[in-house]
Amino acid sequence: MQGQDGERDRHGARNGGDRSPGAPDGTPAEASAGTSAEVPTGTPAEVPAGAPAGTAAEVPPGTPPGTPPGTPDPEPRRGRPRSAAAERAILDAVIALLEAGEPLAGLSIERIARTAGVGKATIYRRWSDKEELFVDVVRDMEPDDPPVSGTEGLADLRVMLESLRTRGLAQRSSALLHNIFAQMKSHPKLWNEYHGTVIAPRRLAMVEAVRRAVAAGELRDDLDVELIDDLFVGPMLVRTVHRPDAPLPDDLADRIITALLQGLAPAARV
């Protein structure tokens, strides 16, 4: 599970900035957010007006004492800070285009940038390709991953199973989210990106919770931990993915855990 502290957006878009798109007149979202214009890395420092020709540039702030004027920064500044408003505008632009009926395969970076009111370079500074951007769009639409203790076993397993249930409910209640997942599975590169950055970390987190439960004596220690994990996750996946009409009651995670702990064999007759 990725982002156990609740911050699912590795680019910072979920946790900052307004939901407002780019400025109405087409001004890039960074500019509308009040961010200063970008200065290319390595641009010489400004020489004060009226200074004699040949005057050395001012030493950049933070330079170690005794550094001669004009010495290049040891770590060149990276230009404009990322704008949370711009990232929010880009995610919203993709969602708006999808809501308008545009298929994932038909969306281009140019179209997304135009809809968001930003330049293509603004997108590429944050996402290396469309697949990476689309994964963040999906994560933005899904419920946040809940925080877990990272030290408990069964208690953390219950939290993660409940998160799987709520994501299933979200897909059922959102035709757009359901449609996006259907499209993702027909695009191997996009599905592999989502699996590698979202599904795989979640599975690893659950396996680690199983290990903690075994170490704490909450689960038997003579079974493979990945098999135990599958036994917990399997029933929830069947309900949320393979049986879209099956009920997802609030206590489903507890019922799955209880059934597994008690076993399926009938009680011994006295």
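Residues numbered from 1 in each chain as written. Predicted model: local features only at pLDDT ≥ 70, side-chain atom pairs only at ≥ 80, totals over all residues. Heavy atoms only, no water.

(A) Main features of the overall build of the chain. The helix and strand tally for the chain stands at ten helices and zero strands. Going residue by residue from the N terminus, the α and β elements of the chain occur as α-α-α-α-α-α-α-α-α-α. Considering the chain as a whole, with its 270 residues, one finds that 37% of them fall into the buried category. If you take every contact in the chain between residues at least 6 apart in sequence, the share linking residues at least 24 apart comes to 69%. By element, 55% of the accessible surface of the chain is carried by carbon and sulfur atoms, the whole surface being about 15100 Å². (Helix = DSSP H or I, 4+ residues; strand = E, 2+ residues; numbered from the N terminus. Buried < 20%, exposed > 50% of the residue type's maximum accessible area, 1.4 Å probe, protein only. Contact = heavy atoms within 4.5 Å. Areas by Shrake-Rupley, 256 points an atom, 1.4 Å probe, with all protein chains shown as cover.)

(B) How the structure looks around the packing of helix α8 (residues 188–215) against helix α9 (residues 225–242). Between α8 and α9, whose axes approach to 9 Å, the crossing angle comes to 110 degrees. Here α9 runs roughly perpendicular to α8, going by the angle between their axes. α9 is crossed by α8, and the crossing has right-handed handedness. Here α8 contributes Arg 203, Met 206, Val 207, Val 210, Arg 211 and Val 214 to the contact with α9, which in turn contributes Val 225, Glu 226, Ile 228, Asp 229, Asp 230 and Val 233. Looking at the contact of α8 with α9 residue by residue, the class counts come to seven nonpolar, no polar and five charged. (Axes fitted to C-alpha atoms, helices over the stretch in contact; angles between N-to-C directions. Parallel < 35°, antiparallel > 145°, perpendicular 65-115°, else oblique. Left-handed = near helix turned anticlockwise from the far one by under 90°. Nonpolar A, V, L, I, M, F, W, Y, C, P; charged D, E, K, R; others polar.)

(C) Focus on the pattern of salt bridges. Scanning all chains against the criterion turns up 20 salt bridges. The salt bridge involving Asp 254 is made with Arg 158; its shortest N-O contact spans 2.8 Å. With a gap of 96 residues between them, Asp 254 in helix α10 (residues 252–262) and Arg 158 in helix α6 (residues 154–173) connect regions that are remote in the sequence. Given the relative accessible area of 28%, Arg 158 is considered partly exposed. Residue Arg 165 pairs with Asp 250 through a salt bridge whose shortest N-O separation is 3.5 Å. With Arg 165 in helix α6 and Asp 250 in the loop between α9 and α10, this pair connects stretches of sequence that are 85 residues apart. On the basis of relative accessibility, which here comes to 4%, the residue Arg 165 falls in the buried class. Residue Asp 250 is classed as exposed on the basis of its relative accessible area of 62%. Several salt bridges share partner residues, and in doing so they unite Glu 142, Asp 145, Arg 167 and Arg 202 into one network. (Salt bridge = Lys/Arg side-chain N within 4 Å of Asp/Glu carboxyl O.)

(D) Region of interest: the environment of Asp 144. Following the sequence through the fold, Asp 144 ends up in the loop between α5 (130–141) and α6. On the basis of relative accessible area, Asp 144 is assigned to the partly exposed category, the value being 40%. The sequence separation of Asp 144 and Ser 163 amounts to 19 residues, and the corresponding C-alpha distance is 8.4 Å.

(E) Up close: the packing of aromatic side chains. Applying the stated criterion across every chain, the model contains two aromatic pairs. Each ring, one from Phe 181 and one from Tyr 194, has its centre 5.4 Å from the other, and the planes form 85 degrees; the classification is edge-to-face. One end of the pair, Phe 181, is in helix α7 (residues 175–184); the other, Tyr 194, is in helix α8, with 13 residues separating them in the sequence. The same class applies to Phe 181 as to Tyr 194, namely buried. An aromatic cluster is defined as three or more aromatic residues linked by ring pairs; in this entry it consists of Phe 181, Trp 191 and Tyr 194. (Phe/Tyr/Trp six-rings, centres within 6.5 Å; stacked < 30°, edge-to-face > 60°.)

(F) Seen up close, helix α3 (residues 109–116). Taken together, the buried positions of α3 are Ile 109, Ile 112, Ala 113 and Ala 116. The buried residues of α3 occupy an angular sector of 100 degrees when projected down its axis, which confines them to one face. In this fold, the buried residues of α3 make contact with α2 (84–99), α4 (120–124) and α5. Gly 117 sits one or two positions beyond α3 and adopts a positive phi of about 75 degrees. (Arc of directions from axis to C-beta.)

(G) Seen up close, the nonpolar core. Of all hydrophobic cores here, the largest spans 31 residues; its most connected members are Ile 90, Val 94, Ile 112, Ile 123, Leu 133, Phe 134 and Met 184. Elements with a minimum of two residues in this core: α2, α3, α5, α7 and α8. The dominant element in this core, judged by the number of residues it contributes, is α2, at eight residues. Aside from chain neighbours lying at most four places away, what touches Phe 134 is Val 94, Leu 104, Leu 107, Ile 112 and Leu 190. Core analysis: the second largest hydrophobic core is formed by 24 residues, Leu 161, Val 225, Phe 232 and Ile 256 among them. (Core = buried A, V, L, I, M, F, W, Y, C linked by side-chain atoms within 4.5 Å.)

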